[in-house]
Amino acid sequence: MPSLKALRTRIASVKSTQKITSAMKMVAASKLRRAQQQAEAARPYAERMDRMVSALSASVAGSPTAPQLLIGTGRDKVHLLIAVTADRGLAGAFNTNIGRATRLLARQLEAEGKTVKILTVGRKGRDYLRRELASRLIDGVTFAGKRRIDFNDAEGISTTITTMLAAGEIDVATLVYNKFKSVIAQEVTQQQIIPAPPPEGQTAEASSAGYDYEPDEETILAQLLPQALAIQVYRALLESAAGEHGARMTAMDNATRNAGDMIKRLTQNYNRARQANITKELIEIISGAEAV
Amino acid sequence: MAVSLEIVSPEKLLLSRSVDMVVIPAAEGDMGVLKGHSPMIVTLRGGTIALYEGDRITDKLFVSGGFAEVTTERCTVLATEVLPVAEVSRAAADKRLSDAEAAYTIAAKQGTAAEDAALVSLQSARAMVEAASAA
């Protein structure tokens, strides 16, 4: 049985932990709202961009001179994995999930005889993957200390990717990130970005519905595709940011609740110990009085 | 009879309203868009977008480049940077122009692709200075 003093200190320490976790939960909740708004605001551009890209790619499809961003290099040898994680921990399994998914994917690709290169976004992913896939890491981007992600950050990453593609260093690029499903659920998503997956939904004929192009299709595509890639990266970053705050909120909510339970249990123990002490003292007094 | 104009940047929807005519700075010359324009996809150079109501210009916006999708009903401008002409600062424009000129001198030695890219940003910077002096 721990002493009363020891119990009192434990209770005080758990209480202060609970205060911290509950404050972190509040902070995460407000950041989550902001991240969601940002993700919402980015949607119109992405939608219109998709529409233009699908119209254009339908009209150059099958042409041997179609840009590499659209059809890839024609090889399937070197894979680039872009693992998007957070810079901070304490968000449940958020970062670990991405790390694990990336590791499994890398192992699987290597088992198939492909070469894997990894670009990490966020400090946690870099730290995780450095442990056993260090030789595949080529670069790591972090946004530590930044209040919000802006489009330029995404553009920087996508420029890195396009430069590598143009230099023939990679053939396929895949984004691994947490997609924001709801506050309590994030889904690890693997999204292939190079070569661009065929547009879903509408058929090619319908979407290219008689557009004129100025200048020609290929010149526009050459400018449009890097931008579209940057948008895809930007969206992944925003989804991941929203997911991170959601995950942290849930994790901190759980931590606050656990701390509450713990305080309850410790207080009960403390009271029991106190009662036992009093009873013991009473017995001593009574038996002392009887002895006289 | 109006076209609905939408101007979006990657970060948000900047403007969405219907105008009688809009003039956009397409890569190969300014282009006026009225209702019923034939569907087009164009790239934009740096320049000003002018919004018309009747034959009066109601708003002028500076864009640094981007894309536009025109259909018979609407005109969608995808731009990375959009500013009302009145808010374009002369100092910022001058700085960008001198940066672009410096970048161009370097790029000119590196080959055609780099030179072309630098030329585009140089042109966009010149358009910004022009917009700033017009305001």
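An account of the accompanying structure is given in this report. Remember, predicted model here, so these are calculated numbers, not experimental data.

### Remarks on the interface of chain A and chain B
- Each partner contributes to the interface: chain A provides 25 residues, whereas chain B provides 27 residues.
- Buried area between chain A and chain B, summed over both chains or domains, comes out near 2,200 Å², and the portion from carbon and sulfur atoms is 63%.
- Area buried by chain A at its contact with chain B is led by Tyr-45, Met-52 and Glu-214 of chain A, which between them contribute 31% of it.
- Between the two partners, chain A and chain B, sit 2 salt bridges.
- The closest approach of N and O atoms between Arg-51 of chain A and Glu-69 of chain B, which form a salt bridge, is 2.7 Å.
- Our count for the chain A to chain B interface comes out at 8 residue pairs in polar contact (both at pLDDT 80 or more).

### Let's talk about the pairing of strand β5 (residues 185-194) of chain A
Residues and elements named next belong to chain A.
- As judged from the 9 bridges shared by strand β4 (residues 172-182) and β5, these two strands associate in the antiparallel manner. Paired with Lys-179 across the bridge in β5 is Glu-187.
- Hairpin connection, β4 to β5: the antiparallel pair is bridged by 2 residues.

### Some points on unusual backbone geometry
Residue and element names in this part refer to chain A.
- Residue Pro-195 is bonded to the preceding Ile-194 through a cis peptide linkage, with omega at -10°.
- Along the chain, Pro-195 falls in the loop between β5 and α6 (204-207).
- In this chain, Glu-214 is followed by Pro-215 through a cis amide linkage whose omega measures -10°.
- Here Pro-215 is to be found in the loop between β6 (212-214) and α7 (217-291).
- One non-glycine residue, Leu-90, lies in positive phi territory at about 55°.

### Notes on the side chain of Thr-21 of chain A
Residues and elements named next belong to chain A.
- Here Thr-21 lies in helix α1 (residues 4-60).
- Overall, the relative accessible area of 9% leaves Thr-21 in the buried class.
- Among the polar contacts listed, one links the side chain of Thr-21 to the side chain of Thr-256, at a separation of 3.2 Å.
- Excluding its chain neighbours within four sequence positions, the residues that come into contact with Thr-21 are Met-252, Ala-255 and Thr-256.

### Focus: helix α1 (residues 90-108) of chain B
- With 19 residues, α1 of chain B extends 26 Å from end C-alpha to end C-alpha; this agrees with the ideal 27 Å at 1.5 Å per step.
- On its buried face, α1 of chain B is in contact with α2 (112-134) of chain B.

### Quick look at the pattern of salt bridges
Residues and elements named next belong to chain B.
- In total, this model carries 23 salt bridges over all chains according to the counting rule given.
- Close ionic contact of Asp-59 with Arg-17 constitutes a salt bridge, the shortest N to O distance being 2.7 Å. One end of the pair, Asp-59, is in strand β7 (residues 56-63); the other, Arg-17, is in strand β2 (residues 13-19), and 42 residues separate them in sequence.
- For Asp-59, a relative accessible area of 31% translates into the label partly exposed.

### Comments concerning the packing of aromatic side chains
All names here are of chain A.
- Applying the stated criterion to the full structure yields 1 aromatic pair over all chains.
- Ring plane angle 90° and centroid distance 5.4 Å describe the contact between Phe-151 and Tyr-234, whose orientation is recorded as edge-to-face. With a gap of 83 residues between them, Phe-151 in helix α5 (residues 151-166) and Tyr-234 in helix α7 connect regions that are remote in the sequence. Accessibility classification places Phe-151 together with Tyr-234 in one group, the buried group.

Conventions used here
- Residues numbered from 1 in each chain as written.
- Chains lettered and ligands numbered in written order.
- Predicted model: local features only at pLDDT ≥ 70, side-chain atom pairs only at ≥ 80, totals over all residues.
- Heavy atoms only, no water.
- Contact = heavy atoms within 4.5 Å.
- Buried area = accessible area lost by both parts, 1.4 Å probe.
- Salt bridge = Lys/Arg side-chain N within 4 Å of Asp/Glu carboxyl O.
- Polar contact = N/O pair within 3.5 Å; in protein donor to acceptor, adjacent residues only side chain to side chain.
- Pairing = 2+ DSSP bridges.
- Helix = DSSP H or I, 4+ residues; strand = E, 2+ residues; numbered from the N terminus.
- Buried < 20%, exposed > 50% of the residue type's maximum accessible area, 1.4 Å probe, protein only.
- Expected span 1.5 Å × (residues − 1).
- Phe/Tyr/Trp six-rings, centres within 6.5 Å; stacked < 30°, edge-to-face > 60°.

These figures capture arrangement, not role.
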